[in-house]
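Now for the letters of each chain:
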Amino acid sequence: MLLDYSDSNTELGALYAAHLDTLFRRFDHALERVGASHAVIFSGSPRYAFLDDNHYPFRPNPHFVAWLPLVDLPLSYLVYTPGEKPVLVYCQPRDYWHVVPGEPSGYWSRFFDVRIVHDVTETGKHLPESRGKCVLVGEIDDPSLAFGIERVNPESLLNILHYARGVKTDYELACMRLATRRAVRGHRAAEQAFRAGSSEFDIHQAYCKATDLTDNELPYKNIIALNRNAATLHYTKLDREAPGVVRSFLIDAGASVHGYAADITRTYSFEDPHFADLIHRMDALQREIVKHVHAGADYRQLHLDTHRQLAEFLVDIELASGNSDTLIATGVTTAFFPHGLGHLLGVQVHDTGGHMENDTGTTIDPPSGHPYLRLTRRLEENMVLTVEPGLYVIDLLLRSLKGTDAEGHVNWPEVDRWRPFGGIRIEDNVRVLAKGSENLTRDAFREVA
Ligand code: GLY
Ligand code: MN
Ligand code: MN
């Protein structure tokens, strides 16, 4: 299947105007709320390593990316004034050391009044003269880059934008479906490399090749974990040598298209049928949870329900004994599943706004004892979120159960048996529908067979 990631993709082009209309409405509302006339969005500056002239990989302002599929355009500004064509001050430095941004073109360009500058200091003349009526959104570490705008990142404006970003437009959904398919190509290649006995490093290379993304273009560092390494939740070390005995493979790896991310995890058994069965059951548990995603659902409850299902699962596979209430209350389920069920996804992998109750800044806390749950707001149609239950043998956490009421509920010889396999996580990206959901990830795995 041909995947068109380019900025001449006509499907995306057809959806983009409506996406901008949504942004116009959002910003009209936000500007009115803060009593400003113009929003100026700064794409971001390259950040240099201490005492060095090398910069870190550029990470653009997510608010800029929500407007424009320009993820590598530092020192540029978008100016939105209600009722007017937005202005894009497009910084194309005169630089013969580095590749500079090309001529502005793509499905987005006709919607902007593009002003090319060759030095960021020329930006000022393209900004509204009455700087007092502007609000600036972006990370300004050098005050001169604010060009005299004093209201930078006002919280009341950000609250509106962050809350709104939870719900995706058709354009954003299309980008995310593409990103998912792109990531799934990588996942298929990575599984093949794993089956061939490759090292983590080589599996990672196979992933990058299949997605046509460099390390720095990935939305987050790949988690490519063989055997016990799967128990480190954010394992990114990439061993150069394949292990002598290959048991298991956990891959949490994404891809981006026009700034929109996919975030997918799969776990595989090399040839142990018992571990394969565990994965199979975890997969069934994950799909069961996804069935409960729909508009109006309370994600906190889904997270708590997952702990209940996991308690039953732990008993089923003889890793624990006791009733579910006890396993939850004594912290057994949390020791095996110590992260949240999932999070919002979009231009950021952990997209902003997951704890917001409304657009005025009121938040909803995670349930007590579950501080890592990143999504607590009620689900709405066209939100995209992850569902990623896991089960790991993390000695640091399991040791802390010793000497507590939990100790007698854990089957320690079984813990020893599964330790070399590390853990299991299954993570899908799911779009909330009025009734039920669209599973972007499972759809893509079926398509990229
Ligand atoms: N890849 C990070 C996460 O799953 O949240
Ligand atoms: Mn995730
Ligand atoms: Mn992930």
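The coordinates are above.
Keep in mind that what you see is a predicted model, and the values were worked out from it rather than measured.

Quick look at the site of ligand 1
The full set of residues close to ligand 1 is Tyr220, Asp252, Asp263, His343, His350, Glu388 and Glu427. In the model, a nitrogen atom of ligand 1 is placed 3.1 Å from a nitrogen or oxygen of the Asp263 side chain. The separation between an oxygen atom of ligand 1 and a polar side-chain atom of Glu388 is 3.0 Å. Protein contact buries 92% of the 190 Å² of open area that ligand 1 shows by itself.

A few points about the sheet that holds strand E6 (residues 223–226)
Reading across the sheet, the three strands line up as E6-E7-E8 and stay open at both edges, with antiparallel pairing between neighbours. Strand pairing shows two members of the sheet lacking a second neighbour, E6 and strand E8 (260–269), which therefore form its edges. Adjacent strand axes in the sheet meet at a mean angle of 15°, parallel and antiparallel pairs treated alike. Here four bridges tie E6 to strand E7 (residues 248–257), and the two strands are oriented antiparallel to one another. In the sheet register, Leu226 faces E7, and the bridge partner there is Phe249.

Remarks on the coordination of the manganese ion (ligand 3)
Binding of the manganese ion (ligand 3) to the protein goes through Asp252 (OD), Asp252 (OD), Asp263 (OD) and Glu427 (OE), at separations of 2.0 to 2.3 Å. Between the six donor atoms coordinating the manganese ion (ligand 3), the angles at the centre fall across 57 to 171°, so the site counts as irregular. Of note, the manganese ion (ligand 3) draws all its donor residues from one chain, in the sequence arrangement D-x10-D-x163-E. Here the manganese ion (ligand 3) and the manganese ion (ligand 2) are spaced 3.3 Å apart, with Asp263 acting as a shared donor. Placement of Asp252 in strand E7 and of Asp263 in strand E8 is noted, with a sequence separation of eleven residues between them. Each member of the pair, Asp252 as well as Asp263, carries the same accessibility label: buried.

Here's the deal with the coordination of the manganese ion (ligand 2)
The manganese ion (ligand 2) binds to the protein through Asp263 (OD), His343 (NE2), Glu388 (OE) and Glu427 (OE), with metal-donor distances spanning 2.0 to 2.2 Å. One can describe the donor arrangement at the manganese ion (ligand 2) as irregular, given that its six donor atoms subtend angles of 51 to 158° at the metal. In primary-sequence terms, the residues that donate to the manganese ion (ligand 2) follow D-x79-H-x44-E-x38-E.

Digging into the sheet that holds strand E13 (residues 437–439)
Spatially, E9-E12-E13 is the arrangement adopted by the three strands of the open sheet, whose pairing is antiparallel. The open sheet has two edge strands, strand E9 (384–387) and E13, and neither has a second partner. Strand-to-strand twist in this sheet, taken as the mean axis angle between neighbours without regard to direction, amounts to 35°. The sheet contact formed by strand E12 (residues 428–432) and E13 spans three bridges and is antiparallel.

Some thoughts on the packing of helix H4 (residues 170–195) against helix H12 (residues 440–447)
Two packed helices can be described by the angle between their axes and the distance between those axes. The geometry of H4 relative to H12 is characterised by a closest axis approach of 9 Å and an angle of 55° between their N-to-C directions. It follows that H4 is oblique to H12 by the angle criterion. Here the hand of the crossing between H4 and H12 comes out right-handed. Of the residues in H12, those touching H4 at Met176, Arg177, Thr180, Arg181, Val184, His187 and Arg188 are Leu440, Thr441, Ala444, Phe445, Arg446 and Glu447. Taken together, the residues of the contact of H4 with H12 break down into five nonpolar, three polar and five charged.

Digging into the packing of aromatic side chains
On inspection of all chains with the given rule, the structure shows 21 aromatic pairs. Taken together through their ring pairs, the aromatic side chains of Tyr16, Tyr107, Phe111, Tyr171 and Tyr260 make up a single cluster. The ring centre of Tyr5 lies 3.6 Å from the NZ or CZ of Arg182, which sits over that ring. Stacked on the ring of Tyr163, the Lys or Arg Arg377 has its end atom at 4.0 Å from the ring centre.

Topic: empty space enclosed by the protein
As enumerated under the stated definition, the model contains three cavities of 30 Å³ or more in all. The calculated volume of the largest cavity comes to roughly 70 Å³. Surrounding the largest cavity, Phe275, Leu278, Leu319, Leu391, Tyr392, Val393, Trp418, Phe421, Gly422, Gly423 and Ile424 form its lining. Sorting the residues of the lining of the largest cavity by element identifies helix H6 (273–290), strand E10 (390–392) and strand E11 (423–425) as the ones contributing at least two each. Considering only enclosed or pocket space, the second largest cavity measures out at about 50 Å³ in volume. If you trace the second largest cavity, you find it lined by Leu23, Arg26, Phe27, His63, Ala66, Trp67, Leu161 and Arg165.

Focus on the nonpolar core
Residues Tyr16, Trp67, Leu68, Trp108, Phe112 and Phe249 are the most contacted members of the largest nonpolar core, which totals 74 residues. Those residues within four positions of Tyr16 in sequence are excluded, and the remaining contacts are Trp67, Leu68, Pro69, Tyr107, Trp108, Phe111, Phe112 and Tyr171. Core analysis: the second largest hydrophobic core is formed by 45 residues, Met282, Ala335, Met383 and Val432 among them.

So, the environment of Gln192
Tracing the backbone through its elements, the reader meets Gln192 in helix H4. Once the C-alpha coordinates of Gln192 and Tyr207 are considered, the two residues, 15 residues apart in sequence, prove to be 10.0 Å apart.

What about helix H3 (residues 155–165)?
Within H3, eight of the eleven residues are buried, which leaves the element mostly enclosed by the surrounding structure. Three or more residues of H3 are buried, namely Leu157, Leu158, Asn159, Ile160, Leu161, His162, Ala164 and Arg165. Buried positions along H3 lie against helix H1 (10–34), helix H2 (62–67) and strand E5 (134–137).

What counts and what doesn't
- Residue indices begin from 1 for each chain and proceed along its sequence in written order.
- Labels follow written order: the first chain is A, the first ligand is 1, and so on.
- Where totals are concerned, whole chains, interfaces and linings use all residues; where local detail is concerned, this predicted model gives features only for residues with pLDDT of at least 70, and gives and counts side-chain atom pairs only at 80 or more.
- Hydrogens and waters are ignored; side-chain quantities use all the structure's heavy atoms.
- Here, proximity means that at least one heavy atom of the residue falls within 4 Å of the molecule or strand.
- N or O atoms within 3.5 Å of each other form a polar contact, as long as, within protein, one can give a hydrogen and the other can take it, and as long as residues adjacent in sequence are counted only when both atoms are side-chain atoms.
- In this description, accessible areas are obtained by the Shrake-Rupley approach with a 1.4 Å probe, and a residue is regarded as covered only by the protein chains that are shown.
- Whether two strands pair comes down to DSSP finding at least two bridges between them.
- Each helix is a run of DSSP H or I of at least 4 residues and each strand a run of E of at least 2, with the numbering of both proceeding from the N terminus.
- Between the N-to-C directions of two axes lies an angle of 0 to 180 degrees, each axis being a line fitted to C-alpha atoms and, for a helix, fitted only over the stretch in contact.
- Water is not part of the atom set, so a site may look incomplete; the donors themselves are N, O and S atoms within 2.8 Å of the metal, or 3.2 Å for Na, K and Ca.
- Under the classification used here, a metal with four donors is tetrahedral if each angle lies between 85 and 135 degrees, square planar if opposite donors are over 155 degrees apart and the others between 65 and 115, a six-donor metal meeting that same test is octahedral, and anything else is irregular.
- A 1.4 Å probe rolled over the protein chains alone gives each residue an accessible area, and that area as a share of the maximum for its type sets the label: buried under 20%, exposed over 50%, partly exposed in between.
- Roughly parallel means an angle under 35 degrees; roughly antiparallel means over 145; roughly perpendicular covers 65 to 115; every other angle is labelled oblique.
- In a left-handed crossing the near helix is turned counterclockwise from the far helix by less than a right angle, and in a right-handed crossing that turn is clockwise.
- The contact rule is simple, with two residues in contact once any of their heavy atoms fall within 4.5 Å.
- Following the grouping adopted for this structure description, the nonpolar residues are Ala, Val, Leu, Ile, Met, Phe, Trp, Tyr, Cys and Pro, the charged ones are Asp, Glu, Lys and Arg, and the polar ones are all others, Gly among them.
- Two aromatic rings from Phe, Tyr or Trp, using only the six-membered ring of Trp, form a pair when their centres are within 6.5 Å; if the ring planes differ by under 30 degrees the pair is stacked, by over 60 it is edge-to-face, and anything between is tilted.
- Definition used: whenever NZ (Lys) or CZ (Arg) falls within 6 Å of the ring centre and also within 35 degrees of the ring normal, the charge is taken to sit over that ring.
- Definitions used throughout: a 1 Å grid over protein atoms alone; a cavity as a set of points that fits a 1.4 Å probe which cannot get out; a pocket as an open set with protein on both sides within 12 Å along at least five of seven lines; a lining residue as one with an atom within 4 Å of a point.
- Grid points are joined across faces, edges and corners, and a volume is the space filled by probe spheres set on the points.
- The definition of a nonpolar core used throughout is a set of buried Ala, Val, Leu, Ile, Met, Phe, Trp, Tyr and Cys residues joined through side-chain atoms within 4.5 Å.

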